[in-house]
Structures are given as C-alpha cells and as structure tokens.
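Residues per chain, in single letters:
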Amino acid sequence: MDVIHSVAALRERLQREPNNVFVPTMGNLHAGHIQLINIAKPRAECTVVSIFVNRLQFGPREDFERYPRTFEADCAKLRAAGVDVVFVPDEKEIYPEPQTYVVEPSDLQHILDGAVRPGHFRGVATVVLKLFNMVSPHSAIFGKKDYQQCLVLTNMVRQFALPIEIILAETVRAEDGLALSSRNSYLSPEERREAPRLYQVLKSARDQLAAGARD
C-alpha cells in the first residue's frame, strides 16, 4: 500500500494504473468505510482512498479542530482491506491559495441538513470536484448514510458531464440500528443508548404507512 501526500506524486503513481476506483473519506475509519472499500475493489485495478478533513465544509462553530484524526489506525485498516493507494494531503496541498472558485450546488443545499449548516454542501462539492481532478477515477463510492450529500454529488457529476460513475452503498448499522458514523464517538453512554430510537421510530412509521395508515 502506497501512502502519498502530494498531488504530483499521486498523479505519477496512478499513471501506472489502467483504471482506478476512489473512496473519499475524512478518516477515523469504521466498518462503514471498509464496506465502501469492499464494494470498490472488484471495480478497478487500483483502489484509492483519500483521508482529508476538509475545512471548507465545516461551519465556524462546528468540530473542525476536534474532528477525530486517527491516521495510524486508519492505515492499518486500509492495509488489511487491500487498498492500493492512500492519498493523505495536508491543507496546503489541497488549497495552495484561497479557494475563491467554488461549486455552488442547487437549492438542494439549502434544505434539510443544509438549512442548519449553511455552506456545508458548497464545501463538500468543491473539495470532491478537486479530488476527482487529482485522482481521475472512473468510479467513486459514497455511502447512503449521507443521502443529501449523495444527491448533491450525483447531480454535480451529471451536470458537469464528468466521466465518473457514482456508486451509492447501503448504510452500515450497528446491531441496534444506529448508522455507523465517525462522530458517534461524541455521544455519551446515555446518548448512545437513546440514538437508535430515531431509526426505530422511522421504521415503525414506514411500516404503518405500508400497512395503510394515513393518520
């Protein structure tokens, strides 16, 4: 497994490959990320994973500084999963100058999660487009856990006519139904016990609607 820190070295390394599939991450990897890699590996000769905590998608009072950074543990998991290339750029490598050109998604960015995180999906779309230009994958894998993000990126790829297939993977959940997430570590024991209730309530509502309930 090659760990690469610069765009120039990444492009030089990937010139040796006939094709590659890409899994972008912010690190602090869990079983959900490994599932994305398992889906990715049969699709290309080379599997590329990036680890980059993207400042542009964090709001001024969000957790950029304390977001878990677990590089050594992440590399061990990626090596065990059979990843070929890990791209770990620093902030200056991705943003060598202030990013004044950005991707401005449609009105989709202003609803749901975007309504309380202004600028979040602009930051996501901008960094993913930059990473796509650096990696030049023929396909990329994203998890449905971040479904609004999946829609934003799928629409971006279609409207910019990027030659990349976006593959959406099912959410990986803990035994009690909670979706796996790097931020789950922020939960207190009491919050962790409470968190799965949302999924259970949503499933119950879905089942009742399917059974004909309309109240």
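Scroll up to find the structure.
No experiment lies behind these values; they were computed from the predicted model shown.

(A) Structural detail: the pattern of salt bridges. Counted according to the given criterion, the structure contains 13 salt bridges. Here Arg 13 and Asp 2 are joined by a salt bridge, their closest N and O atoms 2.6 Å apart. One end of the pair, Arg 13, is in helix α1 (residues 7–14); the other, Asp 2, is in strand β1 (residues 2–4), and eleven residues separate them in sequence. Under the relative-accessibility criterion, Arg 13 is labelled buried at 10%.

(B) Spatial organisation of helix α6 (residues 120–135). Its 16 residues give α6 an end-to-end C-alpha distance of 22 Å, which sits within 8% of 22 Å, the value for a rise of 1.5 Å per residue. For α6, a buried count of 14 out of 16 residues is recorded, marking the element as mostly surrounded by other parts of the structure. Remark: Ser 136 follows α6 within two positions and exhibits a positive phi of approximately 50°.

(C) Spotlight on the nonpolar core. Ranked by internal contacts, the top residues of the largest apolar core, which has 33 residues, are Leu 10, Phe 87, Ile 94, Val 128, Phe 132, Phe 142 and Met 156. Within the residue set of this core, elements represented by two or more residues are α1, β3 (46–51), β4 (85–87), α6, β5 (139–143) and α7 (147–159). Broken down by element, this core gets its largest block of residues, ten residues, from α6. Among all residues touching Phe 87, those that are not within four sequence positions of it are Ile 4, His 5, Ser 6, Val 7, Leu 10, Val 49, Ser 50, Ile 51, Ile 94, Leu 131 and Met 134. Core analysis: the next-biggest nonpolar cluster, separate from the first, contains 18 residues, Leu 36, Leu 78, Val 83 and Ala 169 among them.

Thresholds, definitions, all that
Residues numbered from 1 in each chain as written. Predicted model: local features only at pLDDT ≥ 70, side-chain atom pairs only at ≥ 80, totals over all residues. Heavy atoms only, no water. Salt bridge = Lys/Arg side-chain N within 4 Å of Asp/Glu carboxyl O. Helix = DSSP H or I, 4+ residues; strand = E, 2+ residues; numbered from the N terminus. Buried < 20%, exposed > 50% of the residue type's maximum accessible area, 1.4 Å probe, protein only. Expected span 1.5 Å × (residues − 1). Core = buried A, V, L, I, M, F, W, Y, C linked by side-chain atoms within 4.5 Å. Contact = heavy atoms within 4.5 Å.

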